[in-house]
Amino acid sequence: MHDLSFFRSNLDSIAQRLATRGYQLDVEEFRALDAERRAALTDAEQLKAQRNAKSQDIAKLRKAGQDAGELQQETRAMGERISALDEKAKNVDETFRDLMAGVPNIPHESVPVGSSEKDNVEVRRWGQPRQF
């Protein structure tokens, strides 16, 4: 699989290199899936941090002998939202991985542009080709 950070930072040049090989990378789909995936992960992580903070508040209230029922209800609701966001992130990540798995290797700049072996340039020849 390709390096995701390299893909993000060089997406346009990668799309151009792949076009020389005859593969059209859907740049907009890549960016949309990447943004959706990152947003779901970020939201889930933020909610987890909030849940952890509320859990600490609940522990402090219990230690002080006060009622923490309302905070516990909020924490449970956060847990359900976190589960939903994690599931969404998982689904988007699978779609994103499928997209990335379908992208062929990026040809080097020295590779001639063309769609078949007839477009290749003979650099040197060693010996005589066999005649079958």
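Above: the structure in question.
Here is a short report on the structure shown in this document. (Residues numbered from 1 in each chain as written. Predicted model: local features only at pLDDT ≥ 70, side-chain atom pairs only at ≥ 80, totals over all residues. Heavy atoms only, no water.)

**Let's talk about helix α2 (residues 11-19)**
Among all positions in α2, only Leu11, Ile14, Ala15, Arg17 and Leu18 are buried. Around the axis of α2, the buried residues are gathered within 165° of arc, so they sit on the same side. On its buried face, α2 is in contact with α1 (4-9) and α3 (27-63). (Buried < 20%, exposed > 50% of the residue type's maximum accessible area, 1.4 Å probe, protein only. Helix = DSSP H or I, 4+ residues; strand = E, 2+ residues; numbered from the N terminus. Arc of directions from axis to C-beta. Contact = heavy atoms within 4.5 Å.)

**Here's the deal with the pattern of salt bridges**
Applying the stated rule across the entire model yields ten salt bridges. A salt bridge links Asp93 to Arg97; the shortest N-O distance between them is 3.2 Å. Of this pair, Asp93 and Arg97 both sit in helix α4 (residues 69-101), four residues apart, which is roughly one turn of the helix. Classification of Arg97 as partly exposed rests on a relative accessible area of 43%. One network of salt bridges, in which partners are shared, links Arg8, Asp34, Arg37, Asp93 and Arg97. (Salt bridge = Lys/Arg side-chain N within 4 Å of Asp/Glu carboxyl O.)

**A word on the nonpolar core**
Generally speaking, nonpolar side chains in soluble globular proteins are found buried as a group. Of all hydrophobic cores here, the largest spans 15 residues; its most connected members are Phe7, Leu11, Leu25, Phe30, Phe96 and Met100. Looking at this core, the elements that each hand over two or more residues are α1, α2, α3 and α4. Contact partners of Phe96, with chain neighbours within four places excluded, come to Leu4, Phe30, Leu33, Asp34 and Arg37. (Core = buried A, V, L, I, M, F, W, Y, C linked by side-chain atoms within 4.5 Å.)

**Here we look at α4**
An ideal rise of 1.5 Å per residue puts 48 Å on 33 residues; α4 measures up with 47 Å between its terminal C-alpha atoms. Next to the buried residues of α4 lie α1 and α3. (Expected span 1.5 Å × (residues − 1).)

**Comments concerning the packing of aromatic side chains**
Taken as a whole and judged by the stated rule, the model has two aromatic pairs. Considering the side-chain rings of Phe7 and Phe30, the 5.7 Å spacing of their centres and the 45° angle between planes classify their relative orientation as tilted. Of this pair, Phe7 sits in helix α1 while Phe30 sits in helix α3, and the two are 23 residues apart along the sequence. Under the relative-accessibility criterion, Phe7 is labelled buried at 1%. Judged by centre distance (5.2 Å) and plane angle (40°), the rings of Phe30 and Phe96 are tilted. (Phe/Tyr/Trp six-rings, centres within 6.5 Å; stacked < 30°, edge-to-face > 60°.)

**Notes on the packing of α2 against α3**
Remark: α2 packs on α3, axes separated minimally by 11 Å, with the N-to-C direction vectors making an angle of 145°. The crossing of α2 and α3 is right-handed. Together, Leu11, Asp12 and Ala15 of α2 and Val27, Phe30 and Arg31 of α3 make up the contact between the two elements. Residue classes in the contact of α2 with α3 are distributed as four nonpolar, no polar and two charged. (Axes fitted to C-alpha atoms, helices over the stretch in contact; angles between N-to-C directions. Left-handed = near helix turned anticlockwise from the far one by under 90°. Nonpolar A, V, L, I, M, F, W, Y, C, P; charged D, E, K, R; others polar.)

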